[in-house]
Amino acid sequence: MMGNVIVGAIVIAMIAFAVRGVIKSKGGCSCGTCGNRECCARKKG
Amino acid sequence: MSIRIALAGNPNTGKTTLFNALTGSSQHVGNWPGVTVEKKDGHLIGDRDVIVEDLPGIYSLAPYTMEEVVSRHYLIGEAPDVILNIIDATNLERNLYLTTQLLELGIPVVLALNMTDVIERSGDRLDEAMLAQKFGCRAVRISALTGSGIEEAARVSKEAASEPALVRAVTFSDRVEAAIAEIAKIIAPHVDARLLRWHSIKSFERDAEARKLIALTEDEADRVEAIIASCERDMDDDAEEIIASERYDAVEPIARGCLVPARAGTASLSDKVDSIVTHRIFALPIFALVMFFVYFLAMQTIGTWGTDWVNDVLFGEIVPETVGSWMESAQVSPLLSGLVMDGIIAGVGAVIGFLPQMLVLFFCLALLEDCGYMARIAFVLDRVFRKFGLSGKSFIPILIGTGCGVPGIMGSRTIASDADRRLTIMTTTFMPCSAKLPVIALIAASFFGDHGWWVGPSSYLLGIASIIVCCVMLKKTRWFAGDPTPFVIELPQYHFPGMKGVFRTVAQQGMAFVKKAGTIILLASVLIWALQGFNWKLEEVDAEDSMLADIGRAVAPIFAPLGWSEEPDGSEKSENGWRATVASISGLIAKENVVSTLGVLYGVEETDDEDESASLVASAMGLALPALAGISFLIFNLLCAPCFAAMGAMRREMMDTKLWLGAIAFQCAYAYVVALMVYQFGRAAAFGTFTGGTIAAATAAAAMIYMIFIKRPYEPDKKVYTTAEAR
């Protein structure tokens, strides 16, 4: 039972983190190479 | 009160390197012109009141391409407090041409003489004090690469921000000065006093965009035109030519006086190397050899050792065994355990496994770029591209696109011709981006094992060949007709790569890859796992009876002619094709998903619980499809529509929804046709099998040959982007 709770919580946290990352990227590429505001999700300098 | 410092200068003079050094940012730096196509800003290290703006490189304030428009629009419209003019000190004359124009903007200018380390090594003598005195502004020696002089440049810029600006850098000939003075009298009521001289000169040059900023009456416009026409008659030349040539006449003696070469007339080391690597005959074979060596390192030796360890040991033993045994001891439910093992670890692990190969590849490409070799390749390929209707200018976006298609597509802004720009946008993603590398590596490992060294380089050759073939065909349509735009590239001096910048690039790209695996790929893996584990009534079932299998089977017949529904022995088995179909569709979200989806699907099906690894996925896939079908699968995924992010970038840059949709449809159709031809002709050659698919492939081949050899039916499109359109 405890194992299910721990693994379930970890999986939910990972999925939530992944969803947050996708939303933050706003459809950008997140390639990390350019930093162009329009194209890349990385924060500008 | 905040101070805004604008970094302006010619392309590839080190503006972004200086920007990174001043602000602590990590914007991408490339050793070729046109890397920066948008304005970027950051705060000066140690003084948050100072904002540094990095502008795209420009050769003059007469913009021709979209990124040049960005720079001019900012300098004229937003008027920064000071311009830090980055000058490539090894090429003083051409850089000072822009300086003369920046000094006319009524904004204080500081000259930052970059690449002085190269000057010192070559023994040349640079007199920055004389330069400062000639232009009436301050000059600082810097080396953005080594970091020397940049603090001084920042300090001087801050001081200059509060000083009055000079507005007359060049005094033209008496006749021209008289004309400019007359024009100034007419336009004075309509412009800001700060920009009166600049507007007067631009009006004299008949700069249409600058004239739009002044609301002259018809009578005033006629008087201005009469003044220009009179001067042109007297001087027997075009007004724009007169100004350009007098600027160079003014700059040339200054440059000659301030930079004294140690060995005038002798070829530098860069020139000697260039005589070999840009040789008419040897250049392309050398490039092919270099790229084969890079892929040998990344895909066959160093990179593969790392990938084998990650696949076989890390995600083959350590992670599954540790996590699996812990979940077993904690009595985690089989459903949850399946999600973690078969969904997350199998999917994400299959993609992460290729990280070592990618890091080696990124490192090698960063070295080639930073030392200056890649700029030579753009020059070399211009000769090849031009024969097929595309200029070497298109190679820069294509080269950037090997990292990621999105900045590659945006890099097409440097192309002035509308038709060429759109053509480049459409074809840039044919080159394999880093996200497609795992797909290439998976297919190479699945079907060719230790003999798959040729798959990687062949994928890039296929990309270049596809760009050429599509350009030849599309140039014959009315949307893309036109002669290639002229290509002028300044070849930077070779230098030893700055290892800090190279490692930063590799780290950024590697981190972005890992981040993507933890976000979009993880989500897609979970979704694929759920869809392949349940039926429409949400009952747990085998993959063959799942929702995903139903979806895949509905689409699979479309791809059956590509061989995706065949057994390795060549017999058709429709149940098998849905996996490859689903993987290709998931690749539209992000190309890495092709591998993670196969990781979930083949990992679950062909291996037992604890052995999911990319290498086992590869062997499972190799057992499920014939090699020819594997190649057609790779070709389709390399050439079809890119991921959603790249499709979005295509839409923004094409600025035409219909054309964009047409471009996506064309890419998918082209990918399908090429994969069809390779599979059907390959099968016919190997087994003598002729089917309806072979006839379809032959028809498609005939249509392509017709399009390639038909004479051009449309007149060239001469349209060039203007400031107003770019806005």
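Residues numbered from 1 in each chain as written. Chains lettered and ligands numbered in written order. Predicted model: local features only at pLDDT ≥ 70, side-chain atom pairs only at ≥ 80, totals over all residues. Heavy atoms only, no water.

Q: Just checking my understanding: could you explain the overall build of chain B for this structure?
A: On a plain count of helices and strands, chain B comes out with 33 helices and eight strands. Relative to the 2.2 N^0.38 estimate, which gives 27 Å for 727 residues, the radius of gyration of chain B is 29 Å and therefore close to what a compact globule would have. Dimensions of chain B, computed from the C-alpha atoms along their principal axes, are close to 85 × 60 × 55 Å. Counting across all 727 residues of chain B, residues that qualify as buried make up 58%. (Helix = DSSP H or I, 4+ residues; strand = E, 2+ residues; numbered from the N terminus. Rg over C-alpha atoms; globule rule 2.2 N^0.38 Å. Buried < 20%, exposed > 50% of the residue type's maximum accessible area, 1.4 Å probe, protein only.)

Q: Even after reading the chapter, I still don't get the overall build of chain A, so can you show me in this structure?
A: Scanning chain A for helices and strands turns up one helix and zero strands. Evaluated residue by residue, chain A yields a buried proportion of 36% over its 45 residues. Of the roughly 2700 Å² of accessible surface on chain A, 71% is carried by carbon and sulfur atoms. (Areas by Shrake-Rupley, 256 points an atom, 1.4 Å probe, with all protein chains shown as cover.)

Q: Just checking my understanding: could you explain the packing of aromatic side chains for this structure?
A: What describes a pair of aromatic rings is the distance from one ring centre to the other and the angle between the planes of the rings. Residues and elements named next belong to chain B. If you walk through the whole model with that rule in mind, you get 11 aromatic pairs over all chains. Seen from their ring centres, Trp564 and Phe633 are 5.2 Å apart, and the 70 degrees between their planes marks the pair as edge-to-face. With Trp564 in the loop between helix 25 (547-559) and helix 26 (577-586) and Phe633 in helix 29 (residues 627-639), this pair connects stretches of sequence that are 69 residues apart. Every member of this aromatic cluster is reached through a ring pair, and the members are Phe559, Trp564, Phe633, Phe636 and Tyr672. Its guanidinium or amino end placed over the ring of Tyr494, Arg376 lies 3.9 Å from that ring's centre, counting from NZ or CZ. (Phe/Tyr/Trp six-rings, centres within 6.5 Å; stacked < 30°, edge-to-face > 60°. Lys NZ or Arg CZ within 6 Å of the ring centre and 35° of its normal.)

Q: What is the right way to read the nonpolar core from this model?
A: As a rule of thumb, nonpolar side chains are buried together in soluble globular proteins. Residue and element names in this part refer to chain B. Counting residues in hydrophobic clusters, the biggest one holds 143 residues, and the most contacted among them are Leu361, Leu598, Met621, Phe633, Phe636, Leu639 and Tyr670. Broken down by element, this core gets its largest block of residues, 12 residues, from helix 31 (residues 657-687). The contacts of Phe633, once residues within four sequence positions are left out, are Ile443, Trp564, Ala580, Ala583, Ser584, Val594, Leu598 and Met621. Core analysis: the second largest hydrophobic core is formed by 54 residues, Leu61, Ile76, Phe172 and Val224 among them. (Core = buried A, V, L, I, M, F, W, Y, C linked by side-chain atoms within 4.5 Å. Contact = heavy atoms within 4.5 Å.)

Q: Sorry if this is basic, but what is going on with the pairing of strand 2 (residues 40-44) of chain B here?
A: In the case of a regular strand, side chains alternate between the two sheet surfaces. Residues and elements named next belong to chain B. Counting buried residues along strand 2, four of its five residues qualify, which places the element largely inside the surrounding structure. Here strand 2 pairs with strand 3 (residues 47-54) via five bridges, running antiparallel. Among the inter-strand pairings, Gly42 is bridged to a residue of strand 3, identified as Val52. A loop of two residues connects strand 2 with strand 3, the two strands running antiparallel in sequence, and Gly46 in this loop sits at a positive phi of about 85 degrees. (Pairing = 2+ DSSP bridges.)

Q: Looking at this structure, how should I read the sheet that holds strand 7 (residues 138-141) of chain B?
A: Sheets are built from strands that pair by backbone hydrogen bonding, the pairs being arranged parallel or antiparallel. All names here are of chain B. Pairing is mixed across the open sheet formed by six strands, whose spatial order is 2-3-1-4-5-7. Pairing within the sheet leaves two strands with one partner each, and these edge strands are strand 2 and strand 7. Going across the sheet, the axis of each strand differs from the next one's by a mean of 25 degrees, ignoring polarity. Packing of helix 6 (residues 150-160) onto the sheet brings it into contact with strand 1 (3-9), strand 2, strand 3, strand 4 (82-88), strand 5 (109-114) and strand 7, and relative to strand 7 it is tilted by some 170 degrees. (Axes fitted to C-alpha atoms, helices over the stretch in contact; angles between N-to-C directions.)

Q: What am I meant to see in the environment of Glu78 of chain B here?
A: Residues and elements named next belong to chain B. Here Glu78 shows up in the loop between helix 2 (66-77) and strand 4. Note on Glu78: relative accessible area 40%, which makes it partly exposed. As for Glu78 and Trp479, which are separated by 401 residues in sequence, their C-alpha atoms are 36 Å apart. Each residue touching Glu78, except ones within four places of it in the same chain, is listed here: Arg4 and His73.

Q: Even after reading the chapter, I still don't get the side chain of Ser584 of chain B, so can you show me in this structure?
A: Residue and element names in this part refer to chain B. Mapping Ser584 onto the fold places it in helix 26. For Ser584, a relative accessible area of 5% corresponds to the buried category. Apart from residues no more than four positions distant in its own chain, Ser584 is found in contact with Trp564, Phe633, Phe636 and Asn637.

Q: Sorry, what's going on with the packing of helix 15 (residues 334-352) of chain B against helix 24 (residues 520-533) of chain B here?
A: Each pair of packed helices can be summarised by the angle the axes make with each other and by the distance between the axes. Residues and elements named next belong to chain B. Across the interface, helix 15 lies against helix 24 with an axial gap of 9 Å and an inter-helix angle of 135 degrees. Between helix 15 and helix 24, the angle is such that the two are oblique. The hand of the helix 15/helix 24 crossing is right-handed. Contact residues: Leu335, Gly338, Leu339, Asp342, Gly343, Ile344, Gly347, Val348 and Val351 in helix 15; Ile521, Leu522, Ser525, Val526 and Trp529 in helix 24. Here the residues of the contact of helix 15 with helix 24 are counted per class, giving nine nonpolar, four polar and one charged. (Parallel < 35°, antiparallel > 145°, perpendicular 65-115°, else oblique. Left-handed = near helix turned anticlockwise from the far one by under 90°. Nonpolar A, V, L, I, M, F, W, Y, C, P; charged D, E, K, R; others polar.)

Q: What's the story with a negative patch on the surface in this structure? I'm lost.
A: Side chains of Asp236, Asp237, Asp238, Glu240 and Glu241 of chain B sit close together on the surface and give a patch of like negative charge. Tracing the backbone through its elements, the reader meets Asp236 of chain B in the loop between helix 10 (218-235) and helix 11 (239-258). (Patch = residues over 30% accessible without salt bridge, like charges linked within 9 Å, V, L, I, M, F, W, Y side chains within 5 Å. Salt bridge = Lys/Arg side-chain N within 4 Å of Asp/Glu carboxyl O. Lys, Arg positive; Asp, Glu negative; His and termini not counted. Charge placed at Lys NZ, Arg CZ, Asp CG, Glu CD.)

Q: How should I be thinking about the environment of Gly401 of chain B in this particular structure?
A: Residues and elements named next belong to chain B. Relative to the assigned elements, Gly401 resides in helix 18 (residues 395-401). When its relative accessible area of 2% is taken as the criterion, Gly401 is described as buried. As for Gly401 and Ala283, which are separated by 118 residues in sequence, their C-alpha atoms are 22 Å apart. Beyond its immediate chain neighbours, meaning those up to four positions away, Gly401 contacts Gly408, Thr428, Met431, Pro432 and Cys433.

Q: Please clarify how the pairing of strand 5 of chain B should be interpreted in this entry.
A: All names here are of chain B. Burial analysis of strand 5 places six of its six residues in the buried class, which makes it a mostly covered element. Every second residue of strand 5 is oriented toward a common face, with Val109, Leu111 and Leu113 on one face and Val110, Ala112 and Asn114 on the other, all of them buried. Here strand 4 pairs with strand 5 via six bridges, running parallel. The residue bridging Ile87 from the neighbouring strand is Leu113, located in strand 5. Remark: the strand 4/helix 3 (residues 92-102)/strand 5 crossover connection has right-handed handedness. Looking at chain direction, strand 5 and strand 7 are connected through four bridges and run parallel. (Right-handed = clockwise from strand over helix to strand, strands pointing away.)

Q: What is the right way to look at the state of the cysteines in this model?
A: Residues and elements named next belong to chain B. Counted by the stated rule, this structure contains zero disulfides over all chains. Of all cysteine sulfurs in the structure, the one in Cys470 sits closest to Cys471, which takes part in no disulfide; the separation is 7.1 Å. For Cys668, which is in no disulfide, the shortest distance to another cysteine sulfur is to Cys640 and amounts to 5.5 Å. (Disulfide = S-S within 2.5 Å.)

Q: Sorry if this is basic, but what is going on with the pattern of salt bridges here?
A: Where charged atoms from two side chains of opposite charge come close, those side chains can pair. Residues and elements named next belong to chain B. Applying the stated criterion across every chain, the model contains 27 salt bridges over all chains. Here Arg175 ties to Asp234 by a salt bridge, and the two come within 2.7 Å at their closest N and O atoms. Placement of the pair is Arg175 in helix 7 (residues 174-187) and Asp234 in helix 10, with a sequence separation of 59 residues. Its relative accessible area of 26% is what places Arg175 among the partly exposed residues. For Asp234, a relative accessible area of 52% corresponds to the exposed category. Notably, a salt bridge pairs Arg579 with Glu544, separated by 2.8 Å at the nearest N-O pair. Here Glu544 lies in the loop between helix 24 and helix 25 and Arg579 lies in helix 26, a separation of 35 residues in the sequence. Salt bridges sharing common partners tie together Arg72, Lys202, Glu205 and Asp207.

Function cannot be read off these values alone, since they describe shape.
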